Structures are given as C-alpha cells and as structure tokens.
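In case you want the letters, here they are:
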Amino acid sequence: MAGYASEGAAVKTPSLAGALIALACIIAPARAADDAELTRMALCQDSWLDWSKNDPAKLKAFGENFRVNFTHKDNDAFTTPKAEVSVAGLRVVQAYPDSIGMGVGFSLLLAAGFNKTRATMEKALGKKLGHCETSDGMQSCELQIADQRTVTLMSGDDPKTKQTLVGCYYYYEK
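About the criteria used
- Residues numbered from 1 in each chain as written.
- Predicted model: local features only at pLDDT ≥ 70, side-chain atom pairs only at ≥ 80, totals over all residues.
- Heavy atoms only, no water.
- Helix = DSSP H or I, 4+ residues; strand = E, 2+ residues; numbered from the N terminus.
- Buried < 20%, exposed > 50% of the residue type's maximum accessible area, 1.4 Å probe, protein only.
- Phe/Tyr/Trp six-rings, centres within 6.5 Å; stacked < 30°, edge-to-face > 60°.
- Pairing = 2+ DSSP bridges.
- Contact = heavy atoms within 4.5 Å.
- Expected span 1.5 Å × (residues − 1).
- Arc of directions from axis to C-beta.
- Disulfide = S-S within 2.5 Å.

**Q** Teacher, can you tell me more about unusual backbone geometry here?
**A** If a residue is not glycine, its phi is most likely negative; likewise, a peptide bond is most likely trans. A positive phi angle, close to 45°, is found at Asp74, a residue other than glycine. Looking at the element boundaries, Asp74 is found in the loop between β2 (70–72) and β3 (79–81). Judged by relative accessible area, which is 73%, Asp74 ranks as exposed.

**Q** What exactly am I supposed to notice about the packing of aromatic side chains here?
**A** Aromatic ring pairs are reported here in terms of the distance separating the ring centres and the angle at which the planes meet. For the structure on display, the rule yields seven aromatic pairs. For the pair Trp48 and Tyr170, a centre-to-centre distance of 5.1 Å together with 85° between the ring planes defines the contact as edge-to-face. Taken together, the positions of Trp48 in helix α3 (residues 48–54) and Tyr170 in strand β11 (residues 164–172) put the pair 122 residues apart, joining distant regions of the chain. As far as burial versus exposure is concerned, Trp48 and Tyr170 are alike and both buried. Each member of the aromatic cluster is reached from another via a ring pair, and the members are Trp51, Phe62, Phe66, Phe70 and Phe106.

**Q** Help me out: how do you make sense of the pairing of strand β10 (residues 149–156) in this one?
**A** Regular strands show a simple pattern: their side chains alternate between the two faces of the sheet. Of all eight residues that make up β10, eight are buried, and the element is covered over most of its length. Sheet topology note: the strand β9 (residues 138–146)/β10 ladder contains eight bridges and is antiparallel. Opposite Gln139, over in β10, you have Ser155 as the bridge partner. Here β9 folds back onto β10, and the loop between the two strands holds two residues, one of which, Gln148, carries a positive phi near 60°.

**Q** Even after reading the chapter, I still don't get the side chain of Thr150, so can you show me in this structure?
**A** One can find Thr150 in strand β10. Setting aside residues no more than four positions away along its own chain, Thr150 makes contact with Cys44, Glu142, Leu143, Gln144, Ile145, Gly167, Cys168 and Tyr169.

**Q** Help me out: how do you make sense of helix α4 (residues 56–69) in this one?
**A** Every α-helix carries 3.6 residues per turn, so stepping three or four residues along brings you back to the same face. Over its 14 residues, α4 extends 20 Å from the first C-alpha to the last, a length consistent with the 20 Å expected when each residue adds 1.5 Å. Restricting attention to buried positions, one finds in α4 the residues Phe62, Gly63 and Phe66. Projection of α4 onto a plane perpendicular to its axis shows the buried side chains occupying an angular sector of 100°, all on one side. Opposite the buried face of α4, at more than 90 degrees from it, the exposed residues are Ala57, Lys60 and Val68.

**Q** Before we go on, may I ask you to explain the pairing of strand β8 (residues 130–135) in this structure?
**A** Note: β8 against β9, four bridges, orientation antiparallel. Looking at β9, one finds that Thr134 is bridged to Gln139. Taken together, β8 and the strand that follows it, β9, pair antiparallel across an intervening segment of two residues, in which Asp136 is found at a positive phi of about 55°.

**Q** In this structure, what is going on with the state of the cysteines? I would like to understand it.
**A** What we call a disulfide is simply a covalent bond connecting the sulfur atoms of a pair of cysteines. Summed over all chains, the structure comprises two disulfides. The disulfide partner of Cys44 is Cys168, and the S-S distance across this bridge is 2.1 Å. An S-S torsion of about 115° defines the bridge between Cys44 and Cys168 as right-handed. Here Cys44 is found in the loop between α2 (36–42) and α3, whereas its partner Cys168 is found in strand β11, with 124 residues between them in sequence. Assessed through its relative accessible area of 0%, Cys168 is described here as buried.

Nothing here speaks to function; it is geometry throughout.
Below, the structure is given as structure tokens:
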C-alpha cells in the first residue's frame, strides 16, 4: 500500500500529516512580527518627550531605527512600514511619530476595528481604557498613564471600520 512501509522498507510517499503541514505553510498568511519598541511608545511605556530631555542617545537610536524601518512620502503626515510589523498582534498600517492634528505624541494606525483594538490594548496595558465617547462620527477611549502621557484610541463609529488609531499623547488640544 502506498504511504505505508513494512519494517525496514523506505517510505516512498509522504505521509498525509506531512503533506498537510507543507500545505499549511504555503497557504497560511505570514504574521507580522511584533515590534516591542513601537508597542512601548504607542502605550506610553516609553516617551520620546522624556528621552529628548533625559536620554538623547536613546531618542537618537530609536529615531534611526524608525527611519530604517519606515518610509515617508512627500508631505504625508504619516510614515508607512517597509515590511509588515505589528503591535500586540495587530498590523501597523501607518505611523505618526510626532503629532496628529492637535495631538503631540506618537501614534499608530492599526488594521483592526475599534473593539478588537481596545480589547488588545487593554490586555497589553493590564488596565481598562476609560473616558470613552462616541461623537462626530468617531469613537474614542483614553487612559492617562502619567503626567503628559495619555493612551488614546480613535476610530470611525461605523462598525465596518477596520482601522483604529492608538497612540500616546503628551499634549492634546480638544
């Protein structure tokens, strides 16, 4: 019988399990690698604002690494990853390394809806996000981590929206 071998005989056809594993490797989408530095910045665990005052070498190293892994085009307010990268398992679509609108800080646009992003970030933080509201076609939540450090999530309030902005804001003008 094909696929079976008697004792001492060589197997001439691959086993079903081996074939399924090989097929899964071909079909399965590649998962983006989590970036610990981006995660720490987006969740206010590290701060370029603090580094600029207390550890310029660390800020410079982060900036150099960021420029190697992200690309900026023309007058865009954002940068895009050169390769797939994720934060807490959610794919990064764009990065705003300096500010967005009236907010100064560091934020990432993630390829996930608001509820999934919220649950994922709360798990990563070990804390619930509060001050949630829905208005002007947007939904948002925030959590103040420390003085001049607030984790914020924002997304369109349409349940079909599959992108959410998460970031650490140092100053925010409402």
